[in-house]
Amino acid sequence: MKVKVFEFSTGYWNWGWRVADSEIEGTVNQWMAANPTAQIRFVKHESLGGVWHPPQLIISIYYE
């Protein structure tokens, strides 16, 4: 089994501290289009960040 990890974050001074939905969707769709034979077995996501740190989203795709 293989794993592909995506990391999305915002800059510290970015107003709103939101990770753009379109950036996430576009990046994951682009990877899936480049790997059409990947059989995805599990997807995991976690959100990091807090009051003093900008948000960070990590998506792990486990595939064969």
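Residues numbered from 1 in each chain as written. Predicted model: local features only at pLDDT ≥ 70, side-chain atom pairs only at ≥ 80, totals over all residues. Heavy atoms only, no water.

Caption draft 1: Structural context of the pattern of salt bridges. All told, the structure shown has 1 salt bridge when counted by the stated rule. Taking the shortest distance from any N to any O, the salt bridge between Glu64 and Arg41 comes out at 3.6 Å. Note that Glu64 is positioned in the segment after β3 (56-63) and Arg41 in strand β2 (residues 40-48), a separation of 23 residues in sequence. Using a relative accessible area of 47% as the deciding quantity, one classes Glu64 as partly exposed. Exposure remark for Arg41: the relative accessible area of 46% places this residue in the partly exposed category. (Salt bridge = Lys/Arg side-chain N within 4 Å of Asp/Glu carboxyl O. Helix = DSSP H or I, 4+ residues; strand = E, 2+ residues; numbered from the N terminus. Buried < 20%, exposed > 50% of the residue type's maximum accessible area, 1.4 Å probe, protein only.)

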